Structure formats: C-alpha cells, structure tokens
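# Secondary and tertiary structure notes
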Number of protein chains: 2
Amino acid sequence: MDLVLLTLRGGRLCVLLIRRDGPPFDAPWALPGGFVDGDEDLDTSASRRLWAETGVTMAGHLEQLRTYGGPHRDPRMPWVSVAYLALLPNLPSPPPGSDGPRARWWPVADLGSADGPMLALDHPRIVADGVERARAKLEYTPLAAAFCEDQFTLADLRRVYEAAWGVALDPPNFRRKVLSTPGFVVPLGQRTSPRGGGRPAELYRRGSATALHPPLLRRSV
Amino acid sequence: MDLVLLTLRGGRLCVLLIRRDGPPFDAPWALPGGFVDGDEDLDTSASRRLWAETGVTMAGHLEQLRTYGGPHRDPRMPWVSVAYLALLPNLPSPPPGSDGPRARWWPVADLGSADGPMLALDHPRIVADGVERARAKLEYTPLAAAFCEDQFTLADLRRVYEAAWGVALDPPNFRRKVLSTPGFVVPLGQRTSPRGGGRPAELYRRGSATALHPPLLRRSV
DNA sequence: CCAAAAGTGTTGTCCATACACCCATGG
DNA sequence: CCATGGGTGTATGGACAACACTTTTGG
C-alpha cells in the first residue's frame, strides 16, 4: 500500500515523502506505505497508516486512488500496490508520525525539476495521478474544505483552489459561487480576528454536500 | 479480478453476468473474472480477460474501476480483487466468449428488483460503482462513443446518454453541443440508409478529444 | 487618513434551454 | 400526402467573469 498525502503549505500544494536508504528503493525519496494486514479492510488499513504517519484521525479526506502492478515494479516489492489519496489540513513539519525524522513535505511543482526529490519505483506516476485526482475533485466536490482547518474563511478555501490549480480566482465571484451552492459551507456567525489590517472574515465549516451542482470548473482548455 | 462489462441493448444499459453453480458463489449470478497471471500487467490482464469473454479487442473502452478487499469477502476467494470497467458497443446475446452459454446481459435497472438476478459476494456494490463511474464519465469525457459502433449517428450517441442517465435530451441542442466540442466526433460525409421513414442521418466516428470542455452535465441536482 | 482585506452591486457575455420550423425519406 | 426522424433558427433565462464600489479593521 502506498499513501499520497497532500496538504497546503505556504500557498503551495505539497506531498509527504519519506527518505529511504537501501533496497528495494532505487531513489532516495518514496511515498509512505507498508503492508496490509490480512484481517482488515483496505480502507481501514489505509486509515491506520494515515494515522501512523500524521496523527490525523478525523480531519481531511481519504479515498482509494488506484491499484498499480505489473512486472515493471521492483521484484522485491509486493506485486501489486493499492494507493490511497489523502487531503489534509496544514500539519507540522516534519509530521509527528513514525517516519517523522525522515519525512518531508515537498511542493508537487518541484517534483520534476532538478532541485526536486528523486522518487523511487513508479511513485512519480502515483503522485501525478493523485495530484490530478485532487485537482479534478475540487471541481465537482466540496473536498477543498478537507485542506482547511475545522473552521475556515472563504479566503482560506479560495487559496486551496488557487494553490491546487495554479490560477488566481476573483474573490467576489468565488464567494458568490460557494455560498450559492447548498451544503458546501455552513456559516458559523463568528469572525476571525484580523491579522495585520483588513476587515475580519466570517468563519465557516464544511457542509453536508457531497457534490457541487453545477461544478466549479477550472477554465483551462 | 472482476470485470464490469456495460453495453446498450434495446435502449437499456446492461451488464454482463455469468451464471455460477457451486462455491465460492453464494448467489447464482456473478461478474466475469478470474485470476491474474504473475507475469503480466494489470491492464494487460484485464484486456485479455475482456477478449476471452466477448471477443472484443479494440472497440469500446477499458479502465480500472477500483480494488475491493477485506475480511467481508468470501474466504475462498482471493483476499483482494481489482475490478475493471468496460464500455462496449452492442454485442451478440449471449456473447461469444468462454462463458458464453452461462453468460447473459442484464439491464442494470433490474438488479435491485424482485425479478432481477441475485448477485454473489460484493458484486452488487462493484456493479453499482461501475455504473456510477460510467454515468459520471459521460459528463466530462467523450466515452459515450465507446458504446457505439465504429460509425454512428448523433441519434445513436444521444441514445447512449438517454439510456445511461434515464432522461430525454433535446435532439437539436444535443447536436449543437456535441458538434461545438472540438474532437468529440468527426463527420464522415456519409449518411445512413433510413430505416422505415425519416431523413437519413450523417455518420460520425470518434474524435481525438479525451475530455469535454465544458462538460455535458446531467441536470439532476 | 491610508492600506489591506472582506464583502456587495452591476453589467455584459456566453451558453443552455425550449420550441418553432424546415428537410428528406418511406409508405 | 402524411408520418417519422434529421437538422436549423431563434428567443429567453441563468450563470459567470469583470470590475467598480462599500465596509471594517490595523497602523
């Protein structure tokens, strides 16, 4: 099992990587993961590993990403690996998990570049699939809130989209769009204490919606 | 490995089920599937099994659906199973595959009803996931053409949406929408010979687009 | 008073819908 | 000539992008 843990740090979308030393890893950085116990559900196993890596239990979002397998994978690894994708609010660096000392958050934009980490096995593709899944799900689900704390402002939510998609969104229009979607967010009737000037923002929490109708499309084309 | 093979028969979305007799199947109908060879890729294995069941090679569409596993599955079965989803044009009934005599296309709308088939293990959920995946992918990909023959009319394509979503679409507006999406379909400059009255329709084949911008949304809410 | 951030109003454009209408074929 | 299905034209409404403007805070 491999875990793609995504979060936002400093306005950048980041993935958690673990520094590995020996085989079966042919490159210094790899996704967190491990073996699945025979007596537990796949989702349960992923949830347990997520907790082991980050201490996170309820926050965020966890879903199965895809299963990777075939002769191209390292023969010393399990023949197939089920990858899971987690979207998490900002966490300490390094995260307080079992791999803490060897763990690091890497901006996903740095993965292909020269000063970015070298990823082992087929992990580059797994990360790419996870990032694309996350970007796509922001369009038609309210999962952007999984990147935020329990209470968040609409600016927090907007910055999730801006970091994940690499675009700038118009704050007034974003506000209208989110508030006009039933169940996306729930107002709490409280305001933030402003930080260095500016009007305090209203606080919200996640709503009960599971899909956005109509979606919040990134206008790429 | 389990295969969810979907096709259109008589304006209804149908799934291929195999009649099973003994254990490990606790109900008479099950998805086609089998074991994965250790020396082949997952996608390759799914493609091979698809060919074995239907004789289909290039037509249609095949993608990984999800991996199911956990203690709730039958202990005599493999502990995990990777499910694949295929969208296929209309095929003979029964299909000319290895399980041909025991295979049957069932309308997915009948699955929950009293006169519908009883599905073994966790196959009801797998079928439901596959159907929902197919319905969703019709929105933002040109995969509806995978349900059609090599050459098809816009009415054929429209009937795919109508069958999968259970709605009626306005033919003029559907036509404009499809033709205004670059790469969705390619006109062939030929016309069908009309069948029992009506103007002959123009013929098209699949285009090169992989996504629809903007999507063709079902207005359910 | 000024800067900064949150929030409101307004307008134009695009797109989807609904539906009237025309075209081409079989009976 | 009529029924049937394919295809075109067009008016209306809703959603979104753009941007001017107001509100509320800190300095």
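In this text, all values refer to a predicted model and were calculated from it rather than measured experimentally.

All right, on to the overall build of chain A then. When you go through chain A residue by residue, the secondary structure sums to four helices and eight strands. When the helices and strands of chain A are read in sequence order from the N terminus, they spell out β-β-β-α-β-β-β-α-α-α-β-β. With 221 residues in all, chain A has 51% of them scored as buried. Residue pairs in contact within chain A that sit at least 24 positions apart in sequence constitute 65% of those at least 6 positions apart.

The pLDDT averaged across chain A works out to 88; a share of 90% of its residues lies at or above 70. The least confident element of chain A is helix H1 (residues 42-54) of chain A, whose mean pLDDT is 89; the most confident is helix H4 (residues 171-179) of chain A, at 97.

Here we come to the protein's contact with DNA strand C. Around DNA strand C sit 22 residues, and of these Arg175, Arg176 and Glu202 of chain A together with Asn173 and Lys177 of chain B come closest. When the atoms of DNA strand C within 4 Å of the protein are grouped by moiety, sugar and phosphate amount to 57% of the total. At 2.6 Å, a side-chain N or O of Lys177 of chain B approaches a phosphate oxygen of DNA strand C. Between a sugar or linking oxygen of DNA strand C and a side-chain N or O atom of Arg199 of chain B, the distance comes to 3.4 Å. Elements that contribute at least two residues to the surface near DNA strand C include exactly helix H3 (154-165) and H4 of chain A together with helix H4 (171-180) of chain B. Broken down by element, the residue count for the surface near DNA strand C peaks at four residues, all from H4 of chain B. When grouped by side-chain class, the residues that make up the surface near DNA strand C number eight nonpolar, four polar and ten charged.

Under the defined criterion, the tally for this structure stands at seven aromatic pairs over all chains. Judged by centre distance (5.5 Å) and plane angle (65°), the rings of Tyr161 of chain A and Phe174 of chain A are edge-to-face. Pair noted here: Tyr161 of chain A is in helix H3 and Phe174 of chain A is in helix H4, with a separation of 13 residues, a long-range link. When sorted by exposure, Tyr161 of chain A lands in the same class as Phe174 of chain A, which is buried. A network of ring pairs unites the aromatic residues Tyr161, Trp165 and Phe174 of chain A as a single cluster. Across the ring face of Trp106 of chain A, the terminal group of Arg104 of chain A is positioned such that the distance to the ring centre comes to 3.7 Å. Directly above the aromatic system of Tyr68 of chain B lies the positively charged group of Arg66 of chain B, at a separation of 5.7 Å from the ring centroid.

As a further point, take the relation of the copies chain B and chain A. Note on the copies: chain B fits chain A at an RMSD of 0.1 Å, the axial shift is 0.0 Å, and the rotation between them is 179°. This pairing of chains is accounted for by a two-fold axis. Most of the interface of chain B is mirrored in chain A, where 100% of its interface residues are also at the interface.

With 26 residues of chain B at the interface, the matching set in chain A holds 26 residues. Both faces combined, the contact of chain B with chain A buries some 1,700 Å², and carbon together with sulfur accounts for 59% of it. The tally of links between chain B and chain A comes to two salt bridges. In this assembly, chain B and chain A are joined by three residue pairs in polar contact (both at pLDDT 80 or more). Counting residues per element, the ones that place at least two in the side of chain B that touches chain A are helix H1 (42-54), strand E4 (61-69) and strand E5 (80-87) of chain B. With five residues, E4 of chain B is the largest single contributor of residues to the side of chain B that touches chain A.

Conventions adopted
- Residues numbered from 1 in each chain as written.
- Chains lettered and ligands numbered in written order.
- Predicted model: local features only at pLDDT ≥ 70, side-chain atom pairs only at ≥ 80, totals over all residues.
- Heavy atoms only, no water.
- Helix = DSSP H or I, 4+ residues; strand = E, 2+ residues; numbered from the N terminus.
- Buried < 20%, exposed > 50% of the residue type's maximum accessible area, 1.4 Å probe, protein only.
- Contact = heavy atoms within 4.5 Å.
- pLDDT = per-residue confidence, 0-100.
- Near = heavy atom within 4 Å.
- Polar contact = N/O pair within 3.5 Å; in protein donor to acceptor, adjacent residues only side chain to side chain.
- Nonpolar A, V, L, I, M, F, W, Y, C, P; charged D, E, K, R; others polar.
- Phe/Tyr/Trp six-rings, centres within 6.5 Å; stacked < 30°, edge-to-face > 60°.
- Lys NZ or Arg CZ within 6 Å of the ring centre and 35° of its normal.
- Least-squares fit on C-alpha atoms with pLDDT ≥ 70 in both.
- Buried area = accessible area lost by both parts, 1.4 Å probe.
- Salt bridge = Lys/Arg side-chain N within 4 Å of Asp/Glu carboxyl O.

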